[in-house]
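# What the coordinates show
Spelled out from the first residue to the last, the chains are:
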Amino acid sequence: MTDDRGVWVYSVAEELAPDWFSGVPGIGGGPIRTLACGGLAAAVSTVSLAEFGEEALPGRLEDLAWLEAVARLHHRVIEIAANHVPVVPMRLATVYRSHARVTAMMAARQADFTTALGRVRARTEWGVKVYTSGPGRAAESGGDDSAAGPGAAYLRQRRRQLDASNQAKRAAAASAERIHAALGRLAAAAELRAPQAPQLTGRPDRMILNGAYLVDDERSAEFTTAVERAAGEHEQLQVELTGPWPPYSFAVADGPDGPGGERRAGG
Amino acid sequence: VSDVPADEGHGGAADRLPAARQQVPPGTGPPDVRYERIALIDLLDRLLAGGVVISGEVRLSIADVDLVSVSLRALISSVSSAMEHGGGRREGS
């Protein structure tokens, strides 16, 4: 019975050596294999369609532990390849019915993959997240308004808090835009991703910048230094660097304006 | 369809995968735990929205929007229950 097996694709590169992946478990538990076709190679593993097929996946994705395990394995295989050669990562859950269909896809999209590989060659993706503590901190310095009576004093203090809060928000958004612009000048490409919601980050701070930057490897040190400098220059903001990442945000086969398009900072 | 190797078992993958269930939800562990591994939220942020999407008949396609919303729903429910215990503050709006 072969109908219940599928082929999970991790990444495509110009060449991949099978021994890079020896001992690395694939999604589904089996080994990572490499498929070559027309100057391209794909890292794949066999999965059960009962678990990873079209019908099973939506329900499985509700299970966070399952999703995390799959995501970490997917990422690990991509990262191993990316440590050796330029790679185009595939979107999570790209599954085919056979090796032949994978190589057919590679042949059909050869030009796109070649373009995408050229874009990420000798470059690394970095992530920069900027948080603000949000309204409140600047508004705590209310004066003594007791002379005007408690009601009026309350209203006046409330207005002052709101003004300070709006001012702080605008200032934070402007700072985030400056940081993004400065980092973008050091990058070959930059993308603003949607800020992560507080419910997802698990922290009360508001994320006002979630940037991805594709940086020439020879400028990596310059870039990370610039991030540290930005953190030092904006003490009211928390600046976090993530990476190095495989080029998830920039290996778009359909052109630079793919999914997750431009979003303004602080919007 | 005969070229798919038959060397893998078909059991639940998550049971054989590295210790996913020991991972604390984002933001709930001590800082050193959070930074030892890539934070799940950062990983999913990229994996669910990044990478090449090949749209074709052969891909067992899941609507991308569905994939994101389903997984984020799972994340939200996981994190928000942790925040109830952790006393995390949420802004209005």
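Given the structure is predicted, the values throughout are model-derived calculations rather than measurements.

### Topic: the packing of aromatic side chains
Note on aromatic pairs: each is described by the distance of the centres and the angle between the planes. Residue and element names in this part refer to chain A. Tallied over the full model, the rule gives six aromatic pairs over all chains. Centroid distance Phe52 to Trp66: 5.4 Å. Interplanar angle 35°. Geometry classified as tilted. Of the two residues, Phe52 is situated in helix 1 (residues 49-52) and Trp66 in helix 3 (residues 64-82); the sequence distance between them amounts to 14 residues. Of the two residues, Phe52 and Trp66, both sit in the buried class. Between Trp245 and Tyr248 the ring centres are 6.3 Å apart and the planes differ by 65°, which places this aromatic pair in the edge-to-face class. A connected cluster of aromatic rings, assembled from ring pairs, spans Trp8, Tyr10, Phe52 and Trp66.

### Structural notes on the side chain of Glu125(A)
One can find Glu125(A) in strand 6 (residues 123-132). With a relative accessible area of 0%, Glu125(A) lands in the buried category. Among the polar contacts made by the side chain of Glu125(A), one reaches the main-chain amide nitrogen of Tyr248(A) at a distance of 2.9 Å. Aside from chain neighbours lying at most four places away, what touches Glu125(A) is Ala212(A), Tyr213(A), Leu214(A), Gly243(A), Pro244(A), Trp245(A), Pro246(A), Pro247(A), Tyr248(A), Ser249(A), Phe250(A) and Arg46(B).

### Thoughts on helix 3 of chain A
All names here are of chain A. Taking 1.5 Å of rise per residue, the 19 residues of helix 3 would be expected to cover 27 Å, and the 26 Å separating its terminal C-alpha atoms lies within 8% of that figure. The buried fraction of helix 3 amounts to 16 of the 19 residues, a majority that puts the element mostly inside the structure. You can read the cap of helix 3 off the contacts: a side-chain oxygen lies 3.1 Å from the backbone nitrogen of Ala65, and it is on Asp63.

### Let's talk about the pattern of salt bridges
Scanning all chains against the criterion turns up 12 salt bridges over all chains. For Lys129(A), the salt bridge goes to Glu240(A), with nearest N and O atoms at 3.6 Å. One end of the pair, Lys129(A), is in strand 6; the other, Glu240(A), is in strand 9 (residues 237-245), with 111 residues separating them in the sequence. For the pair Lys129(A) and Glu240(A), one class covers both residues: buried. Ionic pairing is found between Arg203(A) and Glu240(A), a salt bridge with its closest N-O pair at 2.7 Å. You can see Arg203(A) sitting in the loop between helix 7 (198-201) and strand 8 (206-216) and its partner Glu240(A) sitting in strand 9, a full 37 residues away along the chain. Residues joined in a network through salt bridges with shared partners are Lys129(A), Arg203(A), Asp205(A), Glu240(A) and Asp42(B).

### Some thoughts on the confidence of the model for chain A
In regions of low pLDDT, the predicted coordinates are not meant to be interpreted in detail. All names here are of chain A. On average, chain A scores 86 in pLDDT, and the residues at 70 or more come to 87%. Mean pLDDT values for the elements of chain A range from 76 in helix 2 (residues 57-60) up to 97 in strand 2 (residues 33-37). Of the regions scoring below 50 in pLDDT, residues 136-142 engages in six contacts with residues more than four places distant in sequence or in other chains. Long-range and interchain partners of residues 254-267, a stretch whose pLDDT sits below 50, account for 26 contacts in this model, where long-range means more than four residues apart.

### Comments concerning the packing of helix 3 of chain A against helix 3 (residues 40-47) of chain B
To describe two helices that pack against each other, one gives the angle between their axes and the distance between the axes. Where helix 3 of chain A contacts helix 3 of chain B, the two axes come as close as 10 Å, and the packing angle between them is 70°. By the angle class used here, helix 3 of chain A and helix 3 of chain B are roughly perpendicular. In the packing of helix 3 of chain A onto helix 3 of chain B, the handedness of the crossing is left-handed. The segment helix 3 of chain A lies against helix 3 of chain B, with Leu64(A), Leu67(A), Glu68(A), Ala71(A), Arg72(A), His74(A) and His75(A) engaging Leu40(B), Leu43(B), Leu44(B) and Leu47(B).

### Quick notes on the nonpolar core
Grouped together as the largest cluster of nonpolar side chains are 37 residues, with contacts concentrated most on Trp8(A), Tyr10(A), Leu16(A), Phe21(A), Ile27(A) and Phe52(A). Among the secondary structure elements, those contributing two or more residues to this core are strand 1 (5-13), strand 3 (40-48), helix 1 and helix 3 of chain A together with helix 3 of chain B. It is helix 3 of chain A that provides the largest number of residues to this core, a total of 10 residues. In terms of nonpolar packing, the next biggest core, distinct from the first, is built from 20 residues, Val130(A), Leu192(A), Ala226(A) and Val239(A) among them.

### Focus: the environment of Ala212(A)
With respect to the helices and strands, Ala212(A) occurs in strand 8. A residue is classified by how much of its surface remains accessible, and Ala212(A), at 0% relative accessible area, is buried. The contact partners of Ala212(A), leaving out residues within four places of it in the chain, are Glu125(A), Trp126(A), Ala189(A), Ala190(A), Glu191(A), Arg193(A), Ser249(A), Phe250(A) and Arg46(B).

The rules we used
- Residues numbered from 1 in each chain as written.
- Chains lettered and ligands numbered in written order.
- Predicted model: local features only at pLDDT ≥ 70, side-chain atom pairs only at ≥ 80, totals over all residues.
- Heavy atoms only, no water.
- Phe/Tyr/Trp six-rings, centres within 6.5 Å; stacked < 30°, edge-to-face > 60°.
- Helix = DSSP H or I, 4+ residues; strand = E, 2+ residues; numbered from the N terminus.
- Buried < 20%, exposed > 50% of the residue type's maximum accessible area, 1.4 Å probe, protein only.
- Polar contact = N/O pair within 3.5 Å; in protein donor to acceptor, adjacent residues only side chain to side chain.
- Contact = heavy atoms within 4.5 Å.
- Expected span 1.5 Å × (residues − 1).
- Salt bridge = Lys/Arg side-chain N within 4 Å of Asp/Glu carboxyl O.
- pLDDT = per-residue confidence, 0-100.
- Axes fitted to C-alpha atoms, helices over the stretch in contact; angles between N-to-C directions.
- Parallel < 35°, antiparallel > 145°, perpendicular 65-115°, else oblique.
- Left-handed = near helix turned anticlockwise from the far one by under 90°.
- Core = buried A, V, L, I, M, F, W, Y, C linked by side-chain atoms within 4.5 Å.

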